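Residues per chain are reported as follows:
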Amino acid sequence: MTFKSTCIAAALTLAGLTGTAQANTIVDIAAGDDRFSTLVAAVTAAGLADTLAGPGPFTVYAPVNDAFAALPDGTVETLLKPENKDKLTNVLLYHVDDRKLSAADFPSGSTYFKPVLASERLCITAGAGVTIADGTGDTANVVIADIVADNGIIHVIDKVLLPGTRPACH
């Protein structure tokens, strides 16, 4: 192999163009987007990064940084403490479905969906847009739908979903 071809091979390897498939998991997409830095920090603190980088399928309702910032002062910092890992994990799993659900998979009207957090429900309403009611009775808007990953799909939302009581779904 000549010096020139060695340099080209090295450059292609660094660029990821050698034919080796690059993973494009939900975690990869979130980690590569500054709008999700708080979500990525939370997923990492909860020890869920490997799971959400796994084979899936998953649907993740991904709150943007502004959604975390809208929580009461100190909430995020408190959840990120090691002693609150279980509570953080529950909040994060409330944002995950173990199926790949595109926006077209949400039936018109309001329907209960069961997130991975087994004892809880979300009420997803599809119409002109998609909204998600959580256990507090508040509603998140899907602001970007159908970001496709190798292991599932991401729907970007403008509110952190919080477990609680079953939301009204009619």
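Our subject is the structure that appears above.
Residues numbered from 1 in each chain as written. Predicted model: local features only at pLDDT ≥ 70, side-chain atom pairs only at ≥ 80, totals over all residues. Heavy atoms only, no water.

## Comments concerning unusual backbone geometry
In this model, glycine 56 is joined to proline 57 through a cis peptide bond whose omega is 10°. When you line up the elements, proline 57 lands in the loop between helix H4 (49-52) and strand S1 (58-63). Not every positive phi belongs to a glycine, and aspartate 146 is a case in point at roughly 65°. Residue aspartate 146 is classed as partly exposed on the basis of its relative accessible area of 32%. (Helix = DSSP H or I, 4+ residues; strand = E, 2+ residues; numbered from the N terminus. Buried < 20%, exposed > 50% of the residue type's maximum accessible area, 1.4 Å probe, protein only.)

## Topic: the environment of glycine 47
Position of glycine 47 relative to the elements: it lies in the loop between helix H3 (37-45) and H4. Between the alpha carbons of glycine 47 and threonine 89 there is a distance of 8.2 Å; along the sequence they are 42 residues apart.

## Remarks on the pairing of strand S7 (residues 152-157)
Of all six residues in S7, six are buried; the element is thus mostly enclosed. Because side chains alternate across S7, one face comprises the buried residues Gly152, Ile154 and Val156, and the other comprises Ile153, His155 and Ile157, equally buried. Bridge count for S1 against S7 is six bridges, and the pairing is parallel. Paired with phenylalanine 58 across the two strands is glycine 152, which belongs to S7. Examined bridge by bridge, strand S6 (residues 139-149) and S7 share five bridges and lie antiparallel to one another. When the sheet's bridge partners are listed, valine 142 is paired in S7 with isoleucine 157. (Pairing = 2+ DSSP bridges.)

## Examining the packing of aromatic side chains
By the definition in use, this model includes one aromatic pair. Ring centres of phenylalanine 106 and phenylalanine 113 lie 5.3 Å apart, and the angle between their planes is 90°; on these two criteria the pair is classed as edge-to-face. The pair phenylalanine 106 / phenylalanine 113 is uniform in exposure class, with both members buried. The ring of tyrosine 112 is capped by arginine 166, whose NZ or CZ atom sits 4.9 Å from the centre of that ring. (Phe/Tyr/Trp six-rings, centres within 6.5 Å; stacked < 30°, edge-to-face > 60°. Lys NZ or Arg CZ within 6 Å of the ring centre and 35° of its normal.)

## Details of the state of the cysteines
The tally for this structure, following the rule as stated, stands at one disulfide. The partner cysteine of cysteine 123 in its disulfide is cysteine 169, sulfur to sulfur 2.2 Å. The chirality of the disulfide connecting cysteine 123 with cysteine 169 is right-handed, given an S-S dihedral of about 80°. Taken together, the residues span a long stretch of sequence, with cysteine 123 in strand S4 (residues 122-126) and cysteine 169 in the segment after S7 at a distance of 46 residues. What makes cysteine 123 buried here is its relative accessible area of 3%. Residue cysteine 169 is classed as buried on the basis of its relative accessible area, which comes to 3%. (Disulfide = S-S within 2.5 Å.)

## Some points on the sheet that holds strand S3 (residues 109-113)
Pairing in this open sheet of seven strands is mixed, and the strands run S2-S1-S7-S6-S5-S4-S3 from one edge to the other. Taken across any chain shown, the strands that pair with only one partner, and hence form the sheet edges, are strand S2 (96-97) and S3.

## Observations concerning helix H7 (residues 85-93)
Within the span of H7, buried status applies to Leu88, Thr89, Val91 and Leu92. Buried residues of H7, seen end-on, are gathered within an arc of 165° and therefore sit on one face of the element. Among the exposed residues of H7, those oriented more than 90 degrees off its buried face are Asp86 and Lys87. On its buried face, H7 is in contact with H3, helix H6 (75-79) and S2. (Arc of directions from axis to C-beta. Contact = heavy atoms within 4.5 Å.)

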